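# Structural description and commentary
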Amino acid sequence: MDKFTSHTGAAVPLRRSNVDTDQIIPAVYLKRVTRTGFEDGLFSAWREDPAFVLNDPAYAEASILVAGPEFGTGSSREHAVWALRDWGFRVVIAPRFGDIFRGNSLKQGLLTVELPIDAVESLWARSESDPTAEVTVDLAAREVRAGASTWAFELDDFSRWRLLEGLDDIGLTLLHADAITAFEAARPVYQPVVA
Amino acid sequence: MKTLAQKVWDAHVVRSAAGEPDLLYIDLHLLHEVTSPQAFDGLRMAGRPVRRPDLTIATEDHNTPTDNLLTIADPVSRTQIETLRRNCAEFGVKLHPLGDPEQGVVHVMGPQQGLTQPGTTIVCGDSHTSTHGAFGALAFGIGTSEVEHVLATQTLPQARPKQMAVNFVGELQPGVTAKDLILALIAQVGTGGGRGYVVEYRGPVIEQLSMEGRMTISNMSIEWGAKAGLIAPDETTFAWLKGRRFAPQGDAWDAAVEYWRTLRTDEDAVFDREVTLDVSQVTPFVTWGTNPGQGAPLDAAIPDPESFVDEAEKAAAERALAYMGLTPGQKLREVEVDVVFVGSCTNGRLEDLRAAAGVLKGRKVADGVRMLVVPGSAAVRAAAEAEGLDQVFTEAGAEWRFAGCSMCLGMNPDTLKPGQRSASTSNRNFEGRQGKGGRTHLVSPPVAAATAVVGRLAAPADLV
Ligand code: SF4
């Protein structure tokens, strides 16, 4: 995973709530067995509407998505994170995220930042009036800065550390392989095995 | 002073350290073809084996055809299935492929073999893994990176969730099913209401439900954002499990039951939040919008978006009605459907098929309506056929199909056409979920069957 310390870029205002992962990437794009190249599926149904915000060339360079509450609810498909990342997003800001999506995003170095709805409204208004207006998402300081405004955001220390260091979870867990082996030795016999 | 979920959690902590998530041991890892290929690739690239193939089991469900057991027409779907077969063979993972008697939707396949047991931890790269919570298991959906993590280590780092109780109070009204209860609950608490919580469904109504009904409720925990949805195991649970293929036998059974009986929330345990649903107020319930929280009693009319106080909800309702092609004030019973789908991990079990067949018996599916009945697994299909349910469906004019996810998400050819409207026993009414441009109303199996007969949203009580 790439390290994430701070990111500055333009933002896309997505004025929608309950953006479920079926909207982020519909099921037909989930048949692939690769981990990259999912940008064509990103919001594919909505992108058929020429007025959809991602079709506006003014936002072509944007790397931060700002959405309404309950972003990424529904299906566990990590493809939703891959599609956002492959499109060029490094950060998604919303008042609330679906849990599984949030977990997936942080594992893939796509930073998901929860800000209150009034901050989101302010970011929407700002990037609607100036699509090139830059937003800085500073993970080290746990802060979002846009023009004269600064908003603090929360992220647990452990997730933050992993992102800042770009650490791989499996490698971290395998440092405790002995503890896993010890746990396994004490499992009750009545627990099912498939074989 | 622990909740049921805390007891299961604590029994699985491999390692716990301040400022870090707990490392949880995973007892059972379920796999399917859609969310696993990239995880196996990751293992291959890192040269890692599957740590516990004996705690891992796979099935084919999302892409499989339901009109035959031989040909997967779409080459991309076929490749995905073939990739799963190759991966399982290479890494020594047991697989129930298309045509196998145990093949089926992953959350039907696990319980039916007795693999889903009280007090275990179960994960799957699939959000409806919450289904298994009905047995008092701590079961939750994970992403593909986590699938790889579990394959490699049989553990997952997890932050301790908050605890919520959902208390079902009051008396269940006749004709009301588990599906109506969970749809009514989600409409009450909203799609984000359970975010950050593991919930426990409690109360006499839950205790009276069959395992199938409990699974329907736990299945939809994720639709209101909960991490997992547990139900305390009891005699109903034990009776359901006893004798199943992977259930403990002999002395091990007795030891297991003794342990399982301890899996109840302690009297003095404190939940971080409690929610109450008065079931005596619940009648057959359907959705009108594009998320599972946008639901109403079948007796009601389509709500006016202006009636929502919250601006985001108002905007969401406006968008939903435009997408669904519905007008505020229109009676739900006047909504005409094109397709009825009975199936999925929510309502594709034997009891669900019996409920639908009970309504359809001696009746006909309305002209112009297509009804698909897709058993949740090959075993459910066989059991239904042994009871003659297939006859009831085909005589009524419904299609009796092979097991799989099918029109729940339309990865196989079973999809709605743009603009088509369905009454569906599945769990998600998202835009395009059942096919691009398709419009979905979530319903219970009896409502699905009555709707098929009338051609409009209807309950069995509406039939003469
Ligand atoms: S039946 Fe539907 S919800 Fe269940 S696993 Fe399959 S696609 Fe997912």
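Residues numbered from 1 in each chain as written. Chains lettered and ligands numbered in written order. Predicted model: local features only at pLDDT ≥ 70, side-chain atom pairs only at ≥ 80, totals over all residues. Heavy atoms only, no water.

### A few points about the overall build of chain B
Check the secondary structure of chain B and you find 16 helices and 19 strands. On C-alpha atoms alone, chain B measures out to a radius of gyration of 21 Å, which is about the 23 Å that the 2.2 N^0.38 rule sets for 464 residues. Counting across all 464 residues of chain B, residues that qualify as buried make up 65%. Taking contacts inside chain B between residues at least 6 apart in sequence as the whole, the part at least 24 apart equals 75%. (Helix = DSSP H or I, 4+ residues; strand = E, 2+ residues; numbered from the N terminus. Rg over C-alpha atoms; globule rule 2.2 N^0.38 Å. Buried < 20%, exposed > 50% of the residue type's maximum accessible area, 1.4 Å probe, protein only. Contact = heavy atoms within 4.5 Å.)

### Description of the layout of surface pockets
Considering only enclosed or pocket space, the largest pocket measures out at about 1,100 Å³ in volume. Forming the boundary of the largest pocket are 36 residues, of which D99(A), R102(A), D156(A), S159(A) and A159(B) lie nearest the centre. For the lining of the largest pocket, the elements supplying multiple residues, two or more each, are α4 (99-107) and α6 (157-165) of chain A together with β7 (138-141) and β8 (155-158) of chain B. When residues of the lining of the largest pocket are assigned to their parent elements, the largest contribution, six residues, is made by α4(A). Taken together, the residues of the lining of the largest pocket break down into 13 nonpolar, eight polar and 15 charged. Of the volumes computed, that of the second largest pocket is approximately 860 Å³. Residue lining of the second largest pocket: 36 residues in total, with S17(A), N18(A), A312(B), E313(B) and A316(B) positioned closest to the centre. When residues of the lining of the second largest pocket are traced back to their parent elements, those giving at least two are α5 (117-129) of chain A together with α6 (178-189) and α11 (311-324) of chain B. Broken down by class, the residue content of the lining of the second largest pocket amounts to 13 nonpolar, 13 polar and ten charged. (1 Å grid on protein atoms, 1.4 Å probe; cavity = no way out; pocket = protein on both sides within 12 Å on 5 of 7 lines; lining within 4 Å. Points joined across faces, edges and corners; volume = space filled by probe spheres on them. Nonpolar A, V, L, I, M, F, W, Y, C, P; charged D, E, K, R; others polar.)

### Here we look at unusual backbone geometry
Non-glycine residue E70(A) carries a positive phi angle of around 60 degrees. Within the element layout of this structure, E70(A) appears in the loop between β2 (64-67) and α3 (79-87). Relative accessible area serves as the criterion here: at 11%, E70(A) is assigned to the buried category. Although it is not a glycine, S344(B) adopts a positive phi angle of roughly 85 degrees. By secondary structure assignment, the location of S344(B) is in helix α12 (residues 344-347).

### Details of the sheet that holds β8(B)
Residue and element names in this part refer to chain B. Strands sit in the order β1-β2-β8 across an open sheet of three strands; the sheet is antiparallel. For this open sheet the edge positions go to β1 (13-15) and β8, each flanked by a neighbour on one side alone. Each strand axis lies, on average, 40 degrees off the axis of its neighbour in the sheet, ignoring direction. Relative to strand β2 (residues 22-25), β1 runs antiparallel, the two sharing two bridges. Bridge pairing links V13 to L24 in β2. (Pairing = 2+ DSSP bridges. Axes fitted to C-alpha atoms, helices over the stretch in contact; angles between N-to-C directions.)

### Some words on the pattern of salt bridges
This model, assessed by the stated rule, comprises 43 salt bridges over all chains. With a shortest N-O distance of 3.3 Å, R145(A) and D138(A) are connected by a salt bridge. When salt bridges with common partners are traced through the structure, they connect E184(A), R51(B), R52(B) and D54(B) into a single cluster. (Salt bridge = Lys/Arg side-chain N within 4 Å of Asp/Glu carboxyl O.)

### A few points about the site of the ligand
By nearness alone, every residue bordering the ligand is listed as H62(B), V105(B), H107(B), D126(B), H128(B), S344(B), C345(B), C405(B), C408(B), L409(B), N427(B) and R433(B). Of the residues that constitute the shell around the ligand, the class distribution is five nonpolar, five polar and two charged. (Near = heavy atom within 4 Å.)

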